[in-house]
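Examining the three-dimensional arrangement
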Amino acid sequence: MRLSRYFLPVLKEEPSEAQIVSHRLMLRAGMIKQQAAGIYSWLPFGLKVLRRIEQIVHEEQIRAGHIPMLMPTLQPADLWRESKRYEAYGPEMLRVKDRHSRDLLYGPTNEEMITDIFRAHVSTYKELPLTLYHIQWKFRDEIRPRFGVMRGREFYMKDGYNFDLDKDSALHAYNRHFVSYLRTYERLGLKAIPMRADSGPIGGDNTHEFLVLADTGESEVYYDRAVTDIQLGTRQIDYESQAQCQSIVSEFTSLYARTDETHSVSEFSAIPMERQQRARGIEVGQIFYFGTKYSEPMGAVVQNANGQAVPVHMGSHGIGVSRLVGAIIEASHDEKGIIWPEGVTPFHCGIVNLKQGDDATDKTCNWIYARSRQFGLEPLYDDRQERAGAKFATSDLIGLPWCITVSPRGLNSGVVELTCRKTSNRENLSVDAVIERLSRIYRAHIPSQIATA
Ligand code: P5A
């Protein structure tokens, strides 16, 4: 993409309404525009990040054996009357009437609707286990929407629902989600710690939240510092294996890590003093096992091997896709702007032409632009007639991990400069070497899309 033809409305001034850095930077980098309290338009640059995160979430869910689908945002109230949550959900639910005065609601979550789909189509244990998910906009009329996309009223969530014959099998689904979430967050460049939590209006007594540590996080958390050293890394995972999934979950849950609702002072103080940590965190996902809470009242039953009709065991599992955009920025920025992790960056590299209109720099930039695209990279070429200072300020603000600077002086020596946004490290390389270097870096993140030299 050429910046001169793109829509990137960066703000020079600090937006006064933003209280936390991610909200401020998302507004300044032209990623979002507020339309009403907690309701945002996603401008092109913001949308690209949202889509990258969404893609990674899809890939990891499909890898775990979960099946994508799409449910609507509007739901009939009658489904929620069956589960008794229509009244119970209270003022957080946005209620709507259609022209026939039928009660609808903008879905805050989809347990009822998915249970309705299941009961309409599945009647035997032979079709189990089954996990369906979608990524769809949700609406919760939060009493205090704030911090931009972090606590929105309209927000984008991946929500998955498992259907199993018994508790044992449903707990395997729980563990599969646990492990696939760890993988997802690691691919997003985040350290998210699973913590024992409270189930709130979703229900059930088995639940974990995944938290990214950040001073601006809304949740108060307590944990054993050693838990932050555990990583999934590059282990091969067989999601069919109950034993392997269980052993990973046991490893991650063996140390104390809890949100304040489930915090136990006595258990916490049993941890060696120097490892006791109290901090704040951003909840980027939560998983639940709630057994037959929805299947029983809604009649989601299957015939088991003995021909008896039994309600299915269920759980639901959510990832805050739009919240993750903010969480990633909270975890990765400096005083100049955003620093995108390579796995989610909206463009793979910037190209900064320091002398727009100069034959040699223009030609080289155009060559790098075309060549990097041949390799499957997506560059953002700053071809505006702007001072070098302004180009660098934009580049730092929008935070692409790599930037190629092309100047007449460098070209005289046959090189361009490759800068790493994170370390500020600069290297002079030939144009071929720069393409080779970037394709090697991104091959680790998007192997199928990047060509080999
Ligand atoms: C699990 C999936 C559920 O709703 N039902 C379906 C279950 N869980 S949850 O914890 O309430 O939400 C899942 C994730 O969604 C994000 N989230 C939000 N993001 C932005 N703004 C909000 N107002 C908001 N509310 C929830 C969180 O990341 C949460 O973990």
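Everything here concerns the structure above.
All values reported here derive from a predicted model rather than from experimental measurement.

The subject of this paragraph is the pairing of strand E21 (residues 402-406). Of all 5 residues making up E21, 5 are buried, and the element is well covered by its neighbours. Burial along E21 is two-sided: the residues Trp-402, Ile-404 and Val-406 and Cys-403 and Thr-405 are all buried. Strand direction decides the pairing type here: strand E19 (residues 349-353) and E21, joined by 5 bridges, are parallel. Bridge pairing in E21 places Asn-353 opposite Val-406. Bridge count between E21 and strand E22 (residues 416-420): 4 bridges; the pairing is antiparallel. By the bridge assignment for E22, Thr-405 is matched with Glu-417.

Lining the immediate surroundings of the ligand are 23 residues, of which Thr-109, Glu-111, Arg-140, Gly-152 and Glu-283 lie closest. At a separation of 2.7 Å, an oxygen atom of the ligand approaches a polar side-chain atom of Arg-140. Within the contact set of the ligand, an oxygen atom lies 2.4 Å away from a side-chain nitrogen or oxygen of Glu-283. Protein burial of the ligand: of its 600 Å² of free accessible surface, 96% is covered by the chains. When each cavity is represented as a set of grid points, the ligand is found to reside in the largest pocket. When contributions to the shell around the ligand are tallied by element, the ones reaching two or more residues are strand E8 (154-164), strand E13 (276-291) and strand E16 (313-320). The element best represented in the shell around the ligand is E13, accounting for 5 residues.

Moving on, we come to the sheet that holds strand E4 (residues 74-76). What holds strands together in a sheet is hydrogen bonding between their backbones, with the strands either parallel or antiparallel. One open sheet holds the 3 strands; their spatial order is E4-E6-E5, and the pairing between them is antiparallel. A single partner strand is all that each edge strand has here, and the edge strands are E4 and strand E5 (94-97). Each strand of the sheet is rotated relative to its neighbour by a mean of 35°, with strand direction disregarded. Here E5 pairs with strand E6 (residues 103-106) via 4 bridges, running antiparallel.

Quick notes on the rules
Residues numbered from 1 in each chain as written. Predicted model: local features only at pLDDT ≥ 70, side-chain atom pairs only at ≥ 80, totals over all residues. Heavy atoms only, no water. Buried < 20%, exposed > 50% of the residue type's maximum accessible area, 1.4 Å probe, protein only. Helix = DSSP H or I, 4+ residues; strand = E, 2+ residues; numbered from the N terminus. Pairing = 2+ DSSP bridges. Near = heavy atom within 4 Å. Polar contact = N/O pair within 3.5 Å; in protein donor to acceptor, adjacent residues only side chain to side chain. Areas by Shrake-Rupley, 256 points an atom, 1.4 Å probe, with all protein chains shown as cover. 1 Å grid on protein atoms, 1.4 Å probe; cavity = no way out; pocket = protein on both sides within 12 Å on 5 of 7 lines; lining within 4 Å. Sits in = over half its atoms within 2 Å of the grid points. Axes fitted to C-alpha atoms, helices over the stretch in contact; angles between N-to-C directions.

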